[in-house]
Amino acid sequence: MNASVLPPVRIRSLANANANTNTNTNTNTHANTHANANATATAAAMRLLPSEPLDHQAHRAIYGDLPRLDPGHIMAAAERSGLSGQGGAAFPAYRKMAAVREAARRARRRPVVVANGSEGEPASAKDKALLWHAPHLVLDGVALAAAAIGADRAFLAVEGGHGLRRYLVETNRQRPSSAVPVTIVEVPSRFLSGQESALVSFLDGGPALPRFQSRPVFEQGVGGDPTLVQNVETLAHLALIARHGPAWYRSGAATSLFTVRYADSTPTVVEAAPGTPLQHLTGAVSGQAILVGGYHGTWLPLEPAARSGREAGAGIRAITGDTSVSAEALGVPLGAGLLAVLPHDRCGLVETASILRYLALESAGQCGPCLNGLPRMAAAFGELARPTPRSDLQQIRDDLSRWAGLVTGRGACRHPDGTARLARSALITFAAEADAHSRGRCRACARPPMLPTATPATSQSTVTD
Amino acid sequence: MPEPTTATTSTTSTLRAAVDWTACQGHGACADLLPEVVSLDEWGYPILQERPVPAEARRRARRAVSECPALAFLLKR
Ligand SMILES: Cc1cc2nc3c(=O)[nH]c(=O)nc-3n(C[C@H](O)[C@H](O)[C@H](O)COP(=O)(O)O)c2cc1C
Ligand code: SF4
Ligand code: SF4
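Visitor: Would you take a moment to explain the site of ligand 3 for this structure?
Guide: Taken together, the residues surrounding ligand 3 are C24, Q25, G26, H27, G28, A29, C30, P46, C68, A70 and F73 of chain B. Across the shell around ligand 3, the residue classes tally to seven nonpolar, four polar and no charged.

What follows is the structure in structure tokens.
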């Protein structure tokens, strides 16, 4: 396998650590060796990310054959597992699948599955890591979803510029000619490409931009057919649920993927079970705040254990290294699984200004409120990020809050909503910095932003286990 | 994604204002015709009320649809 075009990323698994440490133990008896090998094999079969890319033969050796593709079974398993979307919005997968199936039945059309591996967010790496390492798990998920809703064709959309398409076309050829053909498509490397109506537009031969949907894509998507758009990780989860059952998935043993970032170091894709303490995911790093979810996510203050739970305002609670990583414990959605720790010597206002500028530039500029609001919000944050004595701080804050309200829910896609969420959370989490800046003081000036605002140039892979 | 619903159209259906944001040019004709449910933001784009179009404003609502120069103003059941 040639993984040389994978952007730099390290991969770490916190799943089933006990079983894994046994892998290289020297054992005396044949039986013991067997038991260890079995434990390791079972553990690996429940994980999303193998330590190295798996071809179809290796995939089947670890995960076993794809279970029977009975629509009723798959739907029931999806429902009982409580599986929700891993692409950002955490929407229940079963409800979407049921809606597509029902829409197709009513319209007497065959629905379409779109596996969303676009991952246009420059800080995120988990979907690409999954596609490189466990492509067959994703393709199993596509086959299961297609069988469940009765689709007759499927697409797998990946970000261009990484060599993923060629790799996946090859990978797909290793599979037995399945009932549902999967077309692998490269989408432009832009933030908006992965938005569901943008994908539909692109697959229909149009630009990869969100479009106004008089009817939602689950009713009218690719080629006018009801379309199930599901993140690639969501589909990989489905492939594990089909094998190990919804009870296993609900038990807390099932893992999900996170992209962990700290300062300028190489991002790490971490696989972890719900309830894992934050510090186990991020390692022994300290910081003042953490961006949870992605560039449409939420900044939360990070504090020493003694001060955990402090209410910073508007539902934003301070967390600590001991807080478990779940939407419930953090009090905010996990979005696309980004966890970016802001060190003490960086400025959250500089980071946010940089991200907002990027998000404003990535806006398709098609919708009035987004076109007018996002650049203004970015410019206002640029002001907040500049330490200079000023008397208009309150005015800037008021403008930002008002614009955040004005752009929310008023576009053809949720890009402005996510942008507003980020800005609002930064106003709360970095309120003290904004005060200091307005008095001309700054703790962490002149450091360039740590979070990327464009896709990194492809380079030699540094994948490690 | 929008909430999938299996709502069936009923005969006593309500009408709600909606805008195709990719088409709207901020002309504001809709707000002039239908102040009950449409106002304009600081950039001239419509702000829609959640509540349905009142019965007595339905005719004006239909006029707003036909008079929107960008064909962006819509009514949804
Ligand atoms: C601006 C924008 C960009 C998005 N980009 C992605 C993306 O790169 N990958 C993705 O899986 N979902 C992305 N989404 C969410 C998709 O629209 C869609 O909800 C998702 O793929 C559904 O899959 P899930 O329910 O399995 O998460 C984006 C949404 C928005 C508003
Ligand atoms: S809301 Fe913004 S990003 Fe989304 S389609 Fe409209 S202009 Fe583009
Ligand atoms: S009349 Fe049409 S174009 Fe003008 S603001 Fe209303 S919806 Fe937009």
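Visitor: I'm lost on the confidence of the model for chain B in this one. Help?
Guide: Interpretation of the predicted coordinates at a detailed level should be avoided for regions scoring low in pLDDT. Residue and element names in this part refer to chain B. Overall, the prediction assigns chain B a mean pLDDT of 87, with 84% of residues at 70 or greater. Contacts of residues 1-11 to residues separated by more than four positions or lying in other chains number 18 contacts, the stretch itself having pLDDT below 50. Scoring the predicted complex yields pTM 0.91 and, for the interface, ipTM 0.86.

Visitor: What am I meant to see in the environment of T268 of chain A here?
Guide: Residue and element names in this part refer to chain A. Along the chain, T268 falls in strand β7 (residues 268-272). The sequence separation of T268 and A125 amounts to 143 residues, and the corresponding C-alpha distance is 8.0 Å. The residues contacting T268, other than those within four sequence positions of it, are R10, I11, R12, F258, T259 and V260.

Visitor: Sorry, what's going on with the sheet that holds strand β3 (residues 153-159) of chain A here?
Guide: Strand pairing in a sheet relies on backbone hydrogen bonds. The paired strands run either parallel or antiparallel. Residue and element names in this part refer to chain A. Reading across the sheet, the four strands line up as β4-β3-β2-β5 and stay open at both edges, with parallel pairing between neighbours. The sheet is open, and its two borders are formed by β4 (182-187) and β5 (227-231), each paired with just one other strand. Taking the axes of each pair of neighbouring strands and ignoring which way they run, one obtains an average angle of 20 degrees across the sheet. Pairing analysis gives six bridges linking β3 to β4, with the strands arranged parallel. Of the residues in β4, the one forming a bridge with V158 is E186. The sheet contacts of helix α6 (residues 126-133) involve β2 (112-117), β3 and β5, and relative to β3 the element is tilted by about 120 degrees. In the packing of helix α9 (residues 196-203) onto the sheet, the strands contacted are β2, β3, β4 and β5, and the crossing angle to β4 comes to about 105 degrees.

Visitor: Sorry if this is basic, but what is going on with the packing of helix α3 (residues 56-63) of chain A against helix α7 (residues 135-149) of chain A here?
Guide: Helix packing geometry: the angle between the two helix axes and the distance between the axes. All names here are of chain A. Where α3 meets α7, the closest approach of the two axes is 9 Å, and the angle between their N-to-C directions is 75 degrees. One way to sum up the angle between α3 and α7 is to call them roughly perpendicular. Contact residues: α3 offers H56, H59 and Y63, while α7 offers H136, L137 and D140.

Visitor: I would appreciate a short explanation of the domain arrangement of chain A in the present structure.
Guide: Many analyses report the size of an interface as the accessible area lost when the parts associate. All names here are of chain A. Domain assignment breaks chain A into domain 1 (71-247), domain 2 (256-342) and domain 3 (348-438). The straight-line distance from the C-alpha centre of domain 2 to that of domain 3 is 22 Å. Between domain 2 and domain 3, a total of about 1,300 Å² is buried, with carbon and sulfur atoms accounting for 69% of that surface. Put simply, domain 2 and domain 3 have zero salt bridges between them. At the junction of domain 2 with domain 3, the criterion picks out six residue pairs in polar contact (both at pLDDT 80 or more). Put simply, the parts of the chain that give the side of domain 2 that touches domain 3 at least two residues each are β8 (289-293), β9 (298-301) and β10 (311-313). Here the side of domain 2 that touches domain 3 takes four residues from β9, the largest share from any one element. Partitioned by chemical class, the residues of the side of domain 2 that touches domain 3 number 10 nonpolar, six polar and no charged.

Conventions we followed
Residues numbered from 1 in each chain as written. Chains lettered and ligands numbered in written order. Predicted model: local features only at pLDDT ≥ 70, side-chain atom pairs only at ≥ 80, totals over all residues. Heavy atoms only, no water. Near = heavy atom within 4 Å. Nonpolar A, V, L, I, M, F, W, Y, C, P; charged D, E, K, R; others polar. pLDDT = per-residue confidence, 0-100. Contact = heavy atoms within 4.5 Å. Helix = DSSP H or I, 4+ residues; strand = E, 2+ residues; numbered from the N terminus. Pairing = 2+ DSSP bridges. Axes fitted to C-alpha atoms, helices over the stretch in contact; angles between N-to-C directions. Parallel < 35°, antiparallel > 145°, perpendicular 65-115°, else oblique. Domains from an automatic or database assignment. Buried area = accessible area lost by both parts, 1.4 Å probe. Salt bridge = Lys/Arg side-chain N within 4 Å of Asp/Glu carboxyl O. Polar contact = N/O pair within 3.5 Å; in protein donor to acceptor, adjacent residues only side chain to side chain.

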